[in-house]
Amino acid sequence: MEKQKKPSNSNISVQNPYVGFLLGILIVLFLNGLLFPNIGNNRILSTDYVSFIEKVDGGKVKNVVIKSNEIYFTVDEDGKNVVYKTGLTNDPQLVDRLLKADSPNESHKITFNQIVPKENSPILNFFLFWVLPGLIFYIIWRRTSKSIQARIGAGGNFMSIGNSGAKIYAESDIKTTFADVAGQDEAKETLTEIVDFLHNPAKYAEVGATLPKGALLVGPPGTGKTLIARAVAGEAKVPFFAISGSEFVQMFVGMGAAKVRDLFKQAGEKAPCIIFIDEIDAIGKRRDTGMGNDEREQTLNQLLTEMDGFDGQKGVVILAATNRPESLDKALLRPGRFDRRVQMELPDLEGRKAILAVHLQKVKHDDIDMDIVARATAGSSGAELANIVNEAALRAVRMGRKYVTTSDLEESVETVLAGAQKKNAVLSADEKKLVAYHEIGHALVAAMQTHSAPVHKITIIPRTSGALGYTMQVDSGEHFLLDRNELFNRIVTLTGGRSAEEVVFGAVTTGASNDIEQATKLARAMVTRYGMSEKYDMMGLETVNNAYLGGDSSLACSAVTASDIDREVLRVIKDAHAKARDIITGHLDVMHKAASFLIEKETITGEEFMKIVRDAEK
Ligand code: ADP
Ligand code: MG
Ligand code: ZN
């Protein structure tokens, strides 16, 4: 948090509020001393008026000081001076008595006098009684409120006083451009117009065209939403205010709204510029969902107000990113706000090649077969691809090479997707054999079916992810549609591993848990979402939430149907399992050959495997 400015109206520079408080008390004590001075001697004894008179008459009093309402007198008691005080009584004969009485040790009379009460000047009085206490309290208040703010900054929980605190700074001179964002051509096209507008708002104003105030970047994590927002600022060469949605939502009601106000005020001064709100779902969630969150709603309302409030032709463009568009408040999406939606999808084959190329520019490499790598990474996001390239570079360094090769990339694909090789995991010979048959089971079933992706690689080197081995299938092209057969064949392939264990060893192991999970998911989707069961025809039985975040689904049918769905799913899986077992039983000699080859080599390529298969078929 930014350091607070010292108050300029106080020249007492105190670091700590408590010091300020103590100082205040000290000043009060000092004032007390000033206003109510004592007589200096600290052994003053109180006495009553009668004994005072007696002492005067008895000739024991040396001198008397008469103040406005007290009398102090010194008595000689056995050669020692003792000071007494008593109240001043309306005694007309007091002066007479004092004049007449004798002083003890001297031959003459008592010395006595009356002290004229000193009147403070009215100006001094005003200062002492009004200005100074006020000043003290002001200083104390400033100090404590400041320390409260400091604690807010440090995450404490005090009420807020003052403005929104953390300032949002604009980044200018951003180097990211559209060239850094590979693929995503549709997104770039949409955003190019915004860049043009920021370059030259006047051109649009002339025609009377108002550009959308906001664009919403939507897509799965890692597809380059944050990246492309920066690229827009870089292309337009305008200041870039970036803030994450969660930064608005603080513990203190009103802080988020104040921050939004601050942000738009600053942006207004710096126009043309870009405001980027990352992960906007943190504040933009639909407001109707039962449990309210005052702070979030206030922040959202403030955002809506600000978006309406600013002049669309001034050149402030608001970009926001989210991977949960369906959870956003409808008010955010209506025309005049985030009415333009920029879809960022997971890259296709060409997109993956382009992204790999962009990131490979940053590392030294020899001739890379992009096609192989891009095909092996179907379904990966831009962020994962960036990570794969970096892992490959790290591997090249480990290998003592000065450049990245295709095999580095292939290995790092596996590292990123399946975890690193677990070098010191030692499998017993029996386990190794079992894993080999399991994997060959998958590969063989895949190879024996039409409509299934060719086997690319089979390995029984354990991975840190827990996989003891795996079979990698790589599609030759890109698939956007899958037919019923393909999906079913996939399930058959997934059951192939367990089938091999059953057929060859007559036993089942825990090694198939991941296969089971995937097969069930697929079979379920076939029944509930893809309308691929005869029984339910095209009835939608499930809805998908958070499509971009893993896509958990919830049932949209009665409980009776739900249990029936389970039966239907089971039927699909059982069919698949039976088919896989049939394939393996029919090709046992290939199984044995391929498995012993795999046990020997630990990793074999798809071609090596297919050669064994073809040789056996002859
Ligand atoms: P998001 O905000 O969509 O979750 P990011 O923009 O933060 O994703 O992307 C993370 C990283 O992934 C980027 O910094 C970049 O290195 C890489 N990346 C993602 N998409 C692309 C792309 N289309 N082109 C190049 N790099 C990309
Ligand atoms: Mg992001
Ligand atoms: Zn398996």
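Every value quoted in this text rests on a predicted model; they were computed, and no experiment measured them. (Residues numbered from 1 in each chain as written. Chains lettered and ligands numbered in written order. Predicted model: local features only at pLDDT ≥ 70, side-chain atom pairs only at ≥ 80, totals over all residues. Heavy atoms only, no water.)

**Q** Is there a simple way to think about the overall build of the chain in this case?
**A** Tallying secondary structure elements over the chain gives 22 helices and 16 strands in all. Per-residue burial for the chain yields a buried fraction of 42% across its 618 residues. Nonlocal contacts in the chain, meaning residues at least 24 apart in sequence, comprise 71% of its contacts between residues at least 6 apart. Working note: accessible area of the chain is about 33300 Å², and carbon and sulfur atoms make up 54% of it. (Helix = DSSP H or I, 4+ residues; strand = E, 2+ residues; numbered from the N terminus. Buried < 20%, exposed > 50% of the residue type's maximum accessible area, 1.4 Å probe, protein only. Contact = heavy atoms within 4.5 Å. Areas by Shrake-Rupley, 256 points an atom, 1.4 Å probe, with all protein chains shown as cover.)

**Q** In this structure, what is going on with the packing of aromatic side chains? I would like to understand it.
**A** Aromatic rings in a pair are described by how distant their centres are and how their planes are angled relative to each other. Using the criterion set out here, one finds 7 aromatic pairs in the structure. Look at Phe73 and Tyr84: their rings are 5.5 Å apart centre to centre, the planes differ by 15 degrees, and that puts the pair in the stacked class. With Phe73 in strand 3 (residues 70-77) and Tyr84 in strand 4 (residues 80-87), this pair connects stretches of sequence that are 11 residues apart. Accessibility assignment for this pair places Phe73 and Tyr84 in one class, buried. Ring geometry for Tyr437 against Phe505: centres 5.4 Å apart, planes inclined by 90 degrees, an arrangement best described as edge-to-face. Highlighted residues: Tyr437 in helix 17 (residues 429-448) and Phe505 in helix 18 (residues 484-505), separated in sequence by 68 residues. By relative accessible area, which is 7% here, Tyr437 ends up buried. Put simply, the rings of Tyr49, Phe52, Phe73 and Tyr84 touch in pairs and so form one group of aromatic residues. Above the plane of the ring of Tyr84 lies Lys55, whose end atom (NZ or CZ) is 4.4 Å from the centre. (Phe/Tyr/Trp six-rings, centres within 6.5 Å; stacked < 30°, edge-to-face > 60°. Lys NZ or Arg CZ within 6 Å of the ring centre and 35° of its normal.)

**Q** Help me out: how do you make sense of the pairing of strand 12 (residues 455-459) in this one?
**A** Two faces make up the sheet, and in a regular strand the side chains alternate between them. Across the 5 residues of strand 12, 4 count as buried, placing the element largely inside the fold. By the bridge criterion, 3 bridges tie strand 12 to strand 16 (residues 603-605) in an arrangement that is antiparallel. Across the sheet, the residue bridging to Thr459 is Thr603, located in strand 16. (Pairing = 2+ DSSP bridges.)

**Q** What is the right way to read the site of ligand 1 from this model?
**A** The local shell around ligand 1 holds 16 residues, among which Ala182, Gly222, Lys225, Thr226 and His359 are the closest. Contact distances for ligand 1 include 2.8 Å between a nitrogen atom and a backbone N or O atom of Ala182. Contact distances for ligand 1 include 3.3 Å between an oxygen atom and a backbone N or O atom of Thr223. With the chains in place, 79% of the 560 Å² that ligand 1 exposes on its own is no longer accessible. (Near = heavy atom within 4 Å. Polar contact = N/O pair within 3.5 Å; in protein donor to acceptor, adjacent residues only side chain to side chain.)

**Q** Any chance you could explain the sheet that holds strand 3 here in plain terms?
**A** Backbone hydrogen bonds hold the strands of a sheet together, and the pairing may be parallel or antiparallel. The 5 strands are arranged 1-4-3-2-5 in an open sheet whose pairing can be described as mixed. Sheet topology places strand 1 (44-46) and strand 5 (111-114) at the edges, where each strand pairs with a single neighbour. The average angle at which neighbouring strand axes cross in this sheet is 20 degrees, direction not considered. Relative to strand 5, strand 2 (residues 61-66) is paired through 4 bridges, and the arrangement is parallel. The partner of Val65 across the bridge, within strand 5, is Asn113. Its contacts with the sheet place helix 2 (residues 49-57) against strand 2, strand 3 and strand 4, and it is angled at close to 45 degrees to strand 3. (Axes fitted to C-alpha atoms, helices over the stretch in contact; angles between N-to-C directions.)

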